[in-house]
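# Structural overview
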Amino acid sequence: MTHAHVAEGELSSVEAHLAEILGTIRPLPPTELSLGDVHGLVLAEDVAASGPLPPFDNSAMDGYAVRIEDVAAASEENPVTLPVVAEVAAGDTGAYALPAGTSIRIMTGAMLPHGTEAVVPVEWTDGGTARVTIRGKADYGNAVRLAGGDAKAGEVLVSAGTRLRPMHIAVIAAAGRGAVRVRPRPRVVVLSTGSELAEPGTPIVPGRIWDSNSFMIAAAAREAGCLAYRQAIVPDHPDEVRPAIEDQLVRADLMITTGGVSMGGEHDVVKAALQQLGTIRFRKVAMQPGMPQGFGTIAVAPAAAQEEPHRRRFRRDPYGTAEPAEGAGPEQVPIFTLPGNPVSAYVSFQVFARPAIGALQAYDGLGLESVQAGLTAPLRSPPGRRSFLRGVLDRSRGRVTPLTGQGSHQVATLGKANALIVVPEWVVQMAEGDAAEVLVLP
Ligand code: AMP
Ligand code: MG
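Attention here is on the structure that accompanies the text. None of these values were measured; they are calculated from a predicted model.

Calculation criteria
Residues numbered from 1 in each chain as written. Chains lettered and ligands numbered in written order. Predicted model: local features only at pLDDT ≥ 70, side-chain atom pairs only at ≥ 80, totals over all residues. Heavy atoms only, no water. Axes fitted to C-alpha atoms, helices over the stretch in contact; angles between N-to-C directions. Helix = DSSP H or I, 4+ residues; strand = E, 2+ residues; numbered from the N terminus. Parallel < 35°, antiparallel > 145°, perpendicular 65-115°, else oblique. Left-handed = near helix turned anticlockwise from the far one by under 90°. Contact = heavy atoms within 4.5 Å. Nonpolar A, V, L, I, M, F, W, Y, C, P; charged D, E, K, R; others polar. Buried < 20%, exposed > 50% of the residue type's maximum accessible area, 1.4 Å probe, protein only. Pairing = 2+ DSSP bridges. Near = heavy atom within 4 Å. Polar contact = N/O pair within 3.5 Å; in protein donor to acceptor, adjacent residues only side chain to side chain. Salt bridge = Lys/Arg side-chain N within 4 Å of Asp/Glu carboxyl O. Phe/Tyr/Trp six-rings, centres within 6.5 Å; stacked < 30°, edge-to-face > 60°. Lys NZ or Arg CZ within 6 Å of the ring centre and 35° of its normal. Core = buried A, V, L, I, M, F, W, Y, C linked by side-chain atoms within 4.5 Å. Arc of directions from axis to C-beta.

## Looking at the packing of helix 4 (residues 213-223) against helix 9 (residues 342-360)
It is at 10 Å that the axes of helix 4 and helix 9 come closest, and there the two elements cross at 25 degrees. With respect to helix 9, the axis of helix 4 lies roughly parallel. The hand of the helix 4/helix 9 crossing is right-handed. Taken together, the residues of helix 9 that come into contact with helix 4 (itself represented by Asn213, Met216, Ile217, Ala220, Ala221 and Glu223) are Pro342, Ala345, Tyr346, Phe349, Gln350 and Arg354. Residues of the contact of helix 4 with helix 9, tallied by class, amount to eight nonpolar, two polar and two charged.

## Some remarks on helix 4
Looking only at helix 4, the buried set comprises Asn213, Ser214, Met216, Ile217, Ala218, Ala220 and Ala221. Next to the buried residues of helix 4 lie strand 13 (187-193), strand 16 (227-234), strand 17 (254-258), strand 21 (332-338), helix 9 and helix 10 (411-414).

## Quick look at the pairing of strand 20 (residues 292-299)
Buried residues dominate strand 20, accounting for seven of its eight residues. Bridge count between strand 18 (residues 280-284) and strand 20: five bridges; the pairing is antiparallel. Looking at the pairing, lysine 284 lines up with proline 292 of strand 20. Bridging between strand 20 and strand 21 involves six bridges; their strand directions are antiparallel. By the bridge assignment, isoleucine 298 is partnered in strand 21 with valine 333.

## Some details on the site of ligand 1
Taken together, 16 residues surround ligand 1, and among them Glu196, Asp211, Ser212, Gly260 and Gly340 come closest. Among the secondary structure elements, those contributing two or more residues to the shell around ligand 1 are strand 13 and strand 15 (209-210). Looking at the shell around ligand 1 residue by residue, the class counts come to four nonpolar, 10 polar and two charged.

## Looking at the side chain of threonine 116
Counting through the fold element by element, threonine 116 comes out in the loop between strand 7 (103-106) and strand 8 (118-121). Among the polar contacts listed, one links the side chain of threonine 116 to the backbone oxygen of proline 113, at a separation of 2.7 Å. Sequence-distant contacts of threonine 116, that is, excluding residues within four places in its chain, are made with Ala65, Val66 and Leu98.

## Focus: the pattern of salt bridges
Enumeration according to the criterion identifies 14 salt bridges in this entry. In this structure, glutamate 76 and arginine 135 form a salt bridge, with 3.3 Å as the shortest nitrogen-oxygen distance. Of this pair, glutamate 76 sits in the loop between helix 2 (68-71) and strand 6 (80-88) while arginine 135 sits in the loop between strand 9 (131-134) and strand 10 (144-145), placing them 59 residues apart in sequence. Taking the relative accessible area as the measure of exposure, glutamate 76 reaches 53% and is therefore exposed. Residue classification places arginine 135 among the partly exposed residues on the basis of a relative accessible area of 29%. Here glutamate 425 makes a salt bridge to arginine 386, at a shortest N to O gap of 3.0 Å. Of this pair, glutamate 425 sits in the loop between strand 26 (419-423) and strand 27 (427-430) while arginine 386 sits in strand 24 (residues 386-394); the two residues are 39 residues apart in sequence, bridging distant segments of the chain. Both residues of the pair, glutamate 425 and arginine 386, belong to the buried class. Residues participating in the shared-partner salt-bridge network are Glu15, Arg386 and Glu425.

## Examining the packing of aromatic side chains
For the structure on display, the rule yields one aromatic pair. Ring geometry for phenylalanine 295 versus phenylalanine 336: centroids 4.9 Å apart, planes at 55 degrees, classification tilted. Taken together, the residues phenylalanine 295 in strand 20 and phenylalanine 336 in strand 21 connect sequence positions 41 residues apart. For the pair phenylalanine 295 and phenylalanine 336, a shared accessibility class is recorded, and that class is buried. The lysine or arginine in question, arginine 163, covers the ring of tyrosine 363, its NZ or CZ lying 4.4 Å from the ring centre. Sitting over the face of the ring of tyrosine 229, arginine 251 holds its NZ or CZ atom 4.3 Å from the ring centroid.

## Observations regarding unusual backbone geometry
Residue leucine 53 is joined to proline 54 through a cis peptide bond whose omega torsion reads -10 degrees. Here proline 54 is to be found in the loop between strand 3 (47-48) and strand 4 (58-59). Residue proline 289 is bonded to the preceding glutamine 288 through a cis peptide linkage, with omega at 0 degrees. Note that proline 289 resides in the loop between strand 19 (287-288) and strand 20. For alanine 143, which is not a glycine, the phi torsion comes out positive at approximately 55 degrees. Tracing the backbone through its elements, the reader meets alanine 143 in the loop between strand 9 and strand 10. Positive phi outside glycine occurs at alanine 362, with the angle close to 55 degrees. The topology assignment puts alanine 362 in the loop between helix 9 and strand 22 (370-375). The partly exposed category is assigned to alanine 362, whose relative accessible area is 40%.

## Looking at the nonpolar core
By size, the foremost hydrophobic cluster in this structure holds 45 residues, and its most contacted members are Ile217, Ile256, Phe336, Val347, Phe349, Phe352 and Phe388. Contributions of two or more residues to this core are made by helix 1 (14-24), strand 13, helix 4, strand 17, strand 21, helix 9 and strand 26. Examining the composition of this core, we find that 12 residues originate from one element, helix 9, more than from any other. Formed by 19 residues, the second largest nonpolar core is a distinct cluster that contains Val241, Val270, Val300 and Ile335.

## Some words on helix 5 (residues 238-248)
Within helix 5, the full set of buried residues consists of Val241, Ile245 and Gln248. Along the long axis of helix 5, the arc covered by the buried residues comes to 70 degrees, so they all point the same way. Opposite the buried face of helix 5, by more than 90 degrees, sit the exposed residues Asp239 and Asp247.

Here you go:
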């Protein structure tokens, strides 16, 4: 690795920018949702077992409930025969008792008859219905599931802050809860700006390009657990950008724009339109790609909120059950203004917007997974910037190959990548075989 020493200049570090973002975002107020609707959401309460799991002693197998001494002598050569005095199926709620010297036919999951000491699996028997011949002895507790053997009453089964996956949902259901408090799915509105942009699927003339950012960012937001709305393309005109953004605020927990924030002056209309608000900071971040970044909050226009209280309520509370947000004042919607080059927009989303989406759900597990891998080829990186180079990671071999075509417009290269190779600010070149930090793309 070759290092370089450079003055920091006016660039902000990636960490400083991310810290400001995470310091600004408030988690969405929790809401109670039924179990069928919570997959992928973040739990906002500890879910404890209201009673023991399983709730009653039951059989682990299809077989015969017995007392130990009645089968103690049973073997392949000297089978024991017992009368079968009853049959208990899963779901039977009647109270049975097992008289000494008898057996009760029992199914998996059925409540154990009082006095049962073991269950003899049907495979060790002749499967008889009036009388059963048993060819093996059973130890105390054989094929018995005791009440509380899985979880004790009051035990926390799933903790607040867990992103609910199928296994968590199973536990919550098994504990009898039909609804739980979760953070609502963040609603992200994605808006791409640029007079050069056209809808994919429509013809273009030289000078125009198809909009890829808004589809990409909306998909990335969904991948991060959001509901994403993609807005139509906004042309580079100062009178169009502010109203287009403000129109969308009522349905956004987070806004993301792309384009119009570089240093090019009057054509950078997003910057021009939002700078006047004073609540959004535009800065250069010491990274490549993705140097021009904007982040801040934008208020839902008070007039709109008053005239349309139903919309205002809808904004933060799609299910009508959320608790009031802490602190008064107009609703503030966080907004990212990402650079327009597709690779820059993509990297900026993964590095900054994904953790922010986590923060909206009081969840800190949305950062990209980081691994170490050996470079299969040398690479270069500008001094003073943290590079996020597109690469192909081979996890099983612990190797990563930098792709050729690292320009921030090179979306075709992005389409081949499954990882970002992180080159620290002070490293300007790395050799084949060097160990690099690699972020695994979701
Ligand atoms: P800007 O940040 O607006 O200066 O745009 C930088 C570069 O990204 C220009 O080449 C734009 O044409 C391109 N670009 C901006 N928005 C998009 C988009 N939505 N899809 C594809 N390319 C874009
Ligand atoms: Mg532009």
